[in-house]
Amino acid sequence: MSNQNKGTAVVTGASSGIGAVYADRLAGQGYDLVLVARRADRLDELAEKLRYAYSRKVSVIGADLADDNDVRRVEQAISADESVTLLVNNAGLGGAQVVATADADLAERMIKVNIVALTRLTRAVLPGLIARKRGAIVNIASVLAFDTSFGGIYSGTKAYVVNFTEALQREVAGTGVRAQVVLPGATRTEFWEVAGSDIANVPQEIVMSADDLVDAALVGLAKGEAVTAPGLADAARLDAFLGARQGFFGSLLAGKPAARYAA
């Protein structure tokens, strides 16, 4: 446990799984906490546990981040808090939905939580972090940002998180503020049950615990990683991928259509 006060960390989706582990680890590192989740009763239980274990200030905001009014209520609270030095956008909804058979309302909820809320909460704290020249924003994406086998709606939301965070990293360069995107693979949490899937059907050798995932992500943050992929053994492969993607982007630019499109 650290006695150093590192400011306040805001953690969304904090009532269980990855978010709850982040809350525990960050309290142990010396952060006060603002915990956000829909299940306020579980937040209250976690907050009491963390106050006792780490003697930190822990407040809770019960909010459904698919609800516009609730998102704005959280925005107002965290943008006005000058002690905020870290935002962990962890809240997310999943589901292996294909477009033709997806429930439109459930798809909209997923987009609101995974994209809209993440964007608005980042926007809420970013000006303050830049003004204070310190802090970090951590966005939890997914390895499925690079694979559509779980359905285009979910993977599409996570691809947004990756691109959004990469652009954010360029924006905050030189300001004293950092941005990290984390790429979990299959992680043993309640996420699977909520998404209507069974993690028992996933090869267990690729399933990571939430504790291991968060511990690795925090090491990555401490090292200044822009992209943290806890399951990736060879970091050079990430560098090669990002470099190849940038080269591919350059090949897309031309003043005229390629010859293969000639009429």
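It should be noted that the structure appears before, not after, this text.
Position numbers for residues start from 1 in each chain and track the written sequence from start to end. Whole-chain, interface and lining totals are the exception, using all residues; otherwise, since this is a predicted model, local features are given only for residues with pLDDT of at least 70 and side-chain atom pairs are given and counted only at 80 or more. Derived side-chain values reflect all non-hydrogen atoms in the structure, with water molecules and hydrogen atoms excluded from consideration.

A. Spatial organisation of the environment of Ala-102. Along the chain, Ala-102 turns up in the loop between strand S4 (84-89) and helix H4 (104-132). Considered as a pair, Ala-102 and Ile-153 are 51 residues apart in the sequence and their alpha carbons are 8.9 Å apart. The contact criterion used throughout is that any non-hydrogen atoms of two residues lie within 4.5 Å. Residue contacts for Ala-102: discarding those within four places in its chain leaves Gln-97 and Ile-153. Secondary structure follows DSSP: runs of H or I at least 4 residues long count as helices, runs of E at least 2 residues long count as strands, and numbering of each begins at the N terminus.

B. A look at the layout of surface pockets. Cavities and pockets were defined on a 1 Å grid built from protein atoms only: a cavity is a group of points that admits a 1.4 Å probe but offers it no way out, a pocket is an open group of points flanked by protein on both sides within 12 Å along at least five of seven lines, and a lining residue is one with an atom within 4 Å of any such point. Grid points are joined across faces, edges and corners, and a volume is the space filled by probe spheres set on the points. In this structure, the second largest pocket occupies an estimated 310 Å³ of space. In terms of lining, the second largest pocket is formed by 16 residues, of which the most central are Glu-225, Val-227, Thr-228, Ala-229 and Ala-235. Broken down by secondary-structure element, the contributors of at least two residues to the lining of the second largest pocket are helix H7 (210-222), strand S9 (227-228) and helix H8 (235-251). Top contributing element to the lining of the second largest pocket by residue count: H8, with 4 residues.

C. The pairing of strand S5 (residues 136-140), seen in detail. Each residue is assigned to one of three classes by its accessible area relative to the maximum for its type, calculated with a 1.4 Å probe on protein chains only: buried under 20%, partly exposed between the two thresholds, exposed over 50%. The element S5 is extensively covered by neighbouring structure, given that 5 of its 5 residues are classed as buried. Residues of S5 alternate between two faces, with Ala-136, Val-138 and Ile-140 on one and Ile-137 and Asn-139 on the opposite face, all of them buried. Two strands pair when backbone bridges link them, and S4 and S5 are joined in this way by 4 bridges, in the parallel orientation. Bridging across to S5, Asn-89 finds its partner in Asn-139. Seen with the strands pointing away from the viewer, any crossover whose path from the first strand over the helix to the second strand runs clockwise is right-handed. Regarding topology, H4 serves as the crossover connection from S4 to the parallel S5, and that connection is right-handed. Where S5 and strand S6 (residues 178-182) come together, 5 bridges link them in parallel fashion. Following the sheet pairing, Ala-136 is matched in S6 by Arg-178. The β-α-β motif built from S5, the intervening helix H5 (residues 152-172) and the parallel element S6 has right-handed crossover chirality. The pairing criterion is simple: DSSP has to find at least two bridges between the two strands.

D. Layout of unusual backbone geometry. Residues other than glycine seldom take positive phi values, yet Ser-55 does so here, at roughly 55°. Positioned with a positive phi, Lys-133 is a non-glycine residue whose angle comes to about 60°. Relative to the helices and strands, Lys-133 resides in the loop between H4 and S5.

E. Examining the nonpolar core more closely. Side-chain atoms within 4.5 Å are what join buried Ala, Val, Leu, Ile, Met, Phe, Trp, Tyr and Cys residues into a set we call a nonpolar core. Ranked by size, the top nonpolar core spans 35 residues in total, and within it Val-36, Leu-65 and Val-74 carry the most contacts. For this core, the secondary-structure elements that each account for two or more residues are strand S2 (32-37), helix H3 (68-79), S4, H4, H5 and S6. It is H4 that contributes the most residues to this core, 8 residues altogether. Every residue in contact with Leu-65, bar those within four places of it in the chain, is listed here: Thr-12, Val-36, Val-71, Val-74, Ala-91, Lys-112, Val-113, Ala-117 and Leu-121. Ranked by size, the runner-up nonpolar core spans 32 residues in total, among them Leu-50, Ala-136, Leu-218 and Leu-221.

F. Representation of the packing of helix H1 (residues 17-29) against H7. Viewed as axis vectors pointing N to C, H1 and H7 meet at an angle of 50°, and their least axial separation amounts to 9 Å. Judged by the angle between their axes, H1 and H7 are oblique. As for the relative orientation of H1 and H7, their crossing is right-handed in sense. In contact with Gly-17, Ile-18, Val-21, Tyr-22, Arg-25, Leu-26 and Gln-29 of H1, H7 contributes Ala-210, Asp-211, Leu-213, Val-214, Asp-215, Ala-217 and Leu-218. Under the scheme applied, nonpolar residues are Ala, Val, Leu, Ile, Met, Phe, Trp, Tyr, Cys and Pro; charged residues are Asp, Glu, Lys and Arg; polar residues are all the others, including Gly. Residues of the contact of H1 with H7, tallied by class, amount to 9 nonpolar, 2 polar and 3 charged. Each axis is a line fitted through C-alpha atoms, and for a helix only the stretch in contact is used; angles between axes span 0 to 180 degrees, taken between their N-to-C directions. Throughout this description, any angle smaller than 35 degrees is read as roughly parallel, any larger than 145 degrees as roughly antiparallel, any in the 65 to 115 degree range as roughly perpendicular, and the remainder as oblique. It is the rotation of the near helix from the far one that decides the hand of a crossing: anticlockwise by less than a right angle makes it left-handed, clockwise makes it right-handed.

G. Representation of empty space enclosed by the protein in the model. In the structure shown here, the tally under the stated rule is 1 cavity of 30 Å³ or more. Along its surface, the largest cavity is lined by Phe-146, Val-162, Glu-166, Val-181, Leu-183, Val-227, Leu-238 and Leu-242. Of all elements in the fold, only H5 and H8 reach the threshold of two or more residues within the lining of the largest cavity. Here the residues of the lining of the largest cavity sort into 7 nonpolar, no polar and 1 charged.

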